[in-house]
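Residues per chain, in single letters:
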Amino acid sequence: MTNKKPAKTGNSASPQTNRAQKSRPQNNRAQNSRTLNNRAQSNHTQKSNAAASGSSLMPLLLVVIFLAGLIGAAQQHMLPYGIAGMYLTLSLLTFIAYAIDKSAAKRGKWRTKESTLHLLALMGGWPGALFAQNVLRHKSVKASFRNVFWLTVVANLAVLGYGIKTGAVDMFI
């Protein structure tokens, strides 16, 4: 008895080769599906990060309460009107700076330096910055920026508190 092997020809393929060729399109489809799923998860993660970092109503409520408290304190002669006016003016200017930066980012144009945005927040424009981060969804995800931003808020409130306690804000009357 002799074992004869089938003759190999260039056109015939083994069953394993046929299975591999048939499965390639499925593998490509599966890979494309995984890529799309990864992108969707990435977008979902970015959106959830944005939601977690500031798109809730709590920061907006904080801004409204703070500014209303300043205006109320000024009306009750507990705080000079100049302080309330300064916070309102700087908040408006800071909001505008964020809007300009967001517009520049979308168009690929020259951007506002982060240090400028932080300086505006530190000087008293942080309510406008917080409002802009939530309404415009700008600078609301980058953790390093947000960390420095919250440090400027704490520093500004500490200076305000010190000025109220020592009476230094009275020089604005």
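Position labels on residues start from 1 in each chain and follow its written sequence. Only residues with pLDDT of at least 70 get local features here, since the model is predicted, and only at 80 or more are side-chain atom pairs given and counted; chain-wide, interface and lining totals rely on the full set of residues. Hydrogens and water molecules were not included; the side-chain quantities draw on all heavy atoms of the structure.

On to the nonpolar core, then. Take the buried residues of types Ala, Val, Leu, Ile, Met, Phe, Trp, Tyr and Cys, join any two whose side-chain atoms come within 4.5 Å, and each joined set is a nonpolar core. Think of it in three bands: residues with accessible area under 20% of the maximum for their type are buried, residues over 50% are exposed, and the middle band is partly exposed, with areas taken using a 1.4 Å probe on protein chains only. Within the largest apolar cluster, 24 residues are counted, with the highest numbers of intra-cluster contacts made by Phe66, Leu70, Ile83, Tyr87, Tyr98, Trp126 and Phe149. Put simply, the parts of the chain that give this core at least two residues each are helix H2 (57–75), helix H3 (81–107), helix H4 (114–135) and helix H5 (143–166). Looking at which element gives the most residues to this core, the answer is H4, with seven residues. What Phe149 contacts, discounting residues up to four positions off in sequence, is Tyr98, His118, Ala121, Trp126, Ala129, Leu130 and Gln133. Working definition: helices are DSSP H or I runs of at least four residues, strands are E runs of at least two. Numbering for both runs from the N terminus. Whether two residues touch is decided by their heavy atoms; if any such pair falls within 4.5 Å, the residues are in contact.

Moving on: unusual backbone geometry. Even without being a glycine, His77 presents a positive backbone phi close to 60 degrees. Relative to the assigned elements, His77 resides in the loop between H2 and H3. Judged by relative accessible area, which is 70%, His77 ranks as exposed.

Chain-level pLDDT for the protein is 78 on average; 67% of the residues reach the 70-or-more range. What pLDDT expresses is the predictor's confidence in each residue, scored from 0 to 100. pLDDT under 50 marks residues 42–54. Its contacts with residues more than four places away, or in other chains, come to twelve contacts.

It is worth spelling out a nonpolar patch on the surface at this point. On the surface, Met58, Leu61 and Ile65 cluster together into a nonpolar patch covering about 330 Å² of accessible area. The residue Met58 is located in helix H2 in this model. Exposure above 30% relative accessible area and no salt bridge define the residues that can form patches, which grow by joining like charges within 9 Å and nonpolar side chains of Val, Leu, Ile, Met, Phe, Trp and Tyr within 5 Å. Method for areas: the Shrake-Rupley scheme with a 1.4 Å probe, in which residue coverage is limited to the protein chains shown. The term salt bridge refers to a pairing of a side-chain nitrogen on Lys or Arg with a carboxyl oxygen on Asp or Glu at a separation within 4 Å.

Take the packing of H3 against H5 next. Running from N to C, H3 and H5 point in directions that differ by 165 degrees, and their axes come no closer than 14 Å. Between H3 and H5, the crossing angle belongs to the class labelled roughly antiparallel. For H3 against H5, the interelement crossing comes out right-handed. Contacts between H3 and H5 pair Ile83, Tyr87 and Tyr98 from the former with Phe145, Phe149, Asn156 and Leu160 from the latter. The residue inventory of the contact of H3 with H5, partitioned by class, reads six nonpolar, one polar and no charged. Geometry is summarised by axes, namely lines fitted to C-alpha atoms with helices restricted to the contacting stretch, and by angles between N-to-C directions that run from 0 to 180 degrees. Orientation is classified from the angle alone, with under 35 degrees giving roughly parallel, over 145 giving roughly antiparallel, 65 to 115 giving roughly perpendicular, and any other angle giving oblique. Note on convention: near helix rotated counterclockwise from far helix by under a right angle means a left-handed crossing. Clockwise means right-handed. Lys, Arg, Asp and Glu make up the charged group, whereas Ala, Val, Leu, Ile, Met, Phe, Trp, Tyr, Cys and Pro make up the nonpolar group; the residues left over, Gly among them, are polar.

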